[in-house]
Amino acid sequence: MYLHLLNSVQKMALLKIAHRLSVADGEDGAEELDVLDDLRAQLGIEVAPDMGDVLRELPTDAFDTQQSRTVAMMELLVVTYVDGYLHEAEASLIGEIAEAFEIEQAALNAMAEWAMDVLDLKRGGDAVISGAVQ
């Protein structure tokens, strides 16, 4: 939703961190893969990042403003919550990123709530588009 506020370096860094989050729990569910594909398309990036890059040190330093860190964290929380479950490894990684981004717990909670609302809206929109709602 706010991805246009990121520059090209930040967009690639976000995609790498998102992929790292998606493998943190050891599972590659269809919902996570779909949200990663959707994120990549919204970012205008044609190919997924190399797993070697994904597993390197988190590129958090690409986010040099509070705005870019907030946008990144909000989008990362969408990736985290898409499967409806916050795995311990995902929570740990989100905590590490929040610390690097200097995001306080209250702000992180508000961002998590936003991410869950976005996912609810997307599911509702998908139902309308598929004709499941009449």
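Placed above this text is the structure.
First things first, this report covers the structure right here in the doc.

So, how was this worked out
- Residue positions within a chain follow its written sequence, with the count starting from 1.
- Given that this is a predicted model, residues contribute local features only at a pLDDT of at least 70 and side-chain atom pairs are listed and counted only at 80 or more, while totals for whole chains, interfaces and linings are drawn from all residues.
- The basis for every side-chain value is the complete set of heavy atoms in the structure, and neither hydrogens nor water enter the calculation.
- Strands are runs of DSSP state E lasting at least 2 residues, helices are runs of H or I lasting at least 4, and numbering of each runs from the N terminus.
- Multiply 1.5 Å by the residue count of a helix minus one, and that product is the helix's expected span.
- Buried means the residue's accessible area, taken with a 1.4 Å probe over protein chains only, is under 20% of the maximum for its type, while exposed means over 50%, and partly exposed covers the values in between.
- Space inside and on the surface of the protein is sampled on a 1 Å grid over the protein atoms alone, with a cavity defined as a set of points where a 1.4 Å probe fits but cannot get out and a pocket as an open set with protein on both sides within 12 Å along at least 5 of 7 lines; lining residues have an atom within 4 Å of a point.
- Grid points are joined across faces, edges and corners, and a volume is the space filled by probe spheres set on the points.
- Nonpolar side chains (Val, Leu, Ile, Met, Phe, Trp, Tyr) within 5 Å and like charges within 9 Å form the patches, drawn only from residues with over 30% relative accessible area and no salt bridge.
- Working definition of accessibility: Shrake-Rupley area with a 1.4 Å probe, residue cover restricted to the visible protein chains.
- When a carboxyl oxygen of Asp or Glu is within 4 Å of a side-chain nitrogen of Lys or Arg, the pair counts as a salt bridge.
- Fitted lines through C-alpha atoms serve as axes, helices being fitted only where they are in contact, and the angles separating the N-to-C directions of these axes extend from 0 to 180 degrees.
- The labels follow the angle: roughly parallel below 35 degrees, roughly antiparallel above 145, roughly perpendicular from 65 to 115, and oblique for the rest.
- Here a crossing is called left-handed whenever its near helix is offset anticlockwise from the far helix by less than a right angle, and right-handed whenever the offset is clockwise.
- Pairs of residues are marked as contacts when any of their non-hydrogen atoms sit within 4.5 Å.
- Arc, as used here, means the arc of the directions from the helix axis to the C-beta atoms.
- Working definition: rings of Phe, Tyr and Trp (its six-membered ring) pair if their centres are within 6.5 Å, and the pair is stacked with planes under 30 degrees apart, edge-to-face with planes over 60 apart, and tilted otherwise.

## Comments concerning helix H4 (residues 66–81)
(1) Moving on: Between its terminal C-alpha atoms H4 stretches 22 Å, which fits the 22 Å expected from 16 residues at 1.5 Å a residue.
(2) Moving on: The buried fraction of H4 is high, at 13 of 16 residues.

## Let's talk about the environment of Gly44
(1) Moving on: Of note, Gly44 is situated in the loop between helix H2 (30–43) and helix H3 (51–54).
(2) Moving on: Along the backbone, Gly44 and Lys11 are 33 residues apart, and their C-alpha atoms lie at a distance of 8.7 Å.

## Here we look at the layout of surface pockets
(1) Moving on: Of the volumes computed, that of the largest pocket is approximately 270 Å³.
(2) Moving on: Around the largest pocket, the lining comprises 13 residues; the ones closest to its centre are Asp38, Gln42, Val78, Val118 and Lys122.
(3) Moving on: For the lining of the largest pocket, the secondary structure elements donating two or more residues are H2, H4 and helix H6 (105–130).
(4) Moving on: Sorting elements by how many residues they give to the lining of the largest pocket places H6 first, with 5 residues.
(5) Moving on: Reported here for the second largest pocket is a volume of approximately 170 Å³.

## Here we look at a nonpolar patch on the surface
(1) Moving on: Where nonpolar side chains cluster on the molecular surface, the patch consists of Met1, Tyr2 and Leu5 and spans about 290 Å² of accessible area.
(2) Moving on: If you trace the backbone, Leu5 turns up in the segment before helix H1 (8–24).
(3) Moving on: Assessed through its relative accessible area of 38%, Leu5 is described here as partly exposed.

## Quick notes on unusual backbone geometry
(1) Moving on: Look at Glu102: it is not a glycine, yet its phi comes out positive at around 60°.
(2) Moving on: Within the secondary structure layout, Glu102 lies in the loop between helix H5 (88–101) and H6.
(3) Moving on: According to the relative accessible area criterion, Glu102 is exposed, its value standing at 62%.

## Focus on the packing of H1 against H4
(1) Moving on: In the contact formed by H1 and H4, the axes pass within 10 Å of each other and the chain directions differ by 30°. With respect to their mutual orientation, H1 and H4 come out roughly parallel. When the axes of H1 and H4 are compared, the crossing they make is right-handed. Facing H1, whose interface residues are Gln10, Leu14, Ile17, Ala18 and Leu21, H4 presents Ser68, Ala72, Glu75, Leu76, Val79 and Thr80.

## Section: H2
(1) Moving on: Here H2 spans 20 Å end to end across 14 residues, near enough to the 20 Å set by a 1.5 Å rise per residue.
(2) Moving on: Taken together, the buried positions of H2 are occupied by Glu32, Val35, Leu36, Leu39, Arg40 and Leu43. Buried residues along H2 cover an arc of 135° about the axis, so they all sit on one side. Exposed residues pointing more than 90 degrees away from the buried face of H2 are listed as Ala30, Asp34 and Ala41.
(3) Moving on: Looking at the buried positions of H2, the neighbouring elements they touch are H1, H4 and H5.

## Here's the deal with the side chain of Thr60
(1) Moving on: Among the secondary structure elements, Thr60 is positioned in the loop between H3 and H4.
(2) Moving on: Overall, Thr60 belongs to the buried group, its relative accessible area being 18%.

## Side note on the packing of aromatic side chains
(1) Moving on: Counted according to the given criterion, the structure contains 2 aromatic pairs.
(2) Moving on: Ring geometry for Tyr2 and Trp114: centres 6.3 Å apart, planes at 40°, overall tilted. Linking Tyr2 in the segment before H1 with Trp114 in helix H6, this pair joins segments that are 112 residues apart in sequence.
(3) Moving on: Judged by its relative accessible area of 33%, Tyr2 is partly exposed.
(4) Moving on: Centroid distance Phe63 to Phe101: 5.4 Å. Interplanar angle 65°. Geometry classified as edge-to-face. Of the two residues, Phe63 sits in the loop between H3 and H4 while Phe101 sits in helix H5, which places them 38 residues apart along the sequence.

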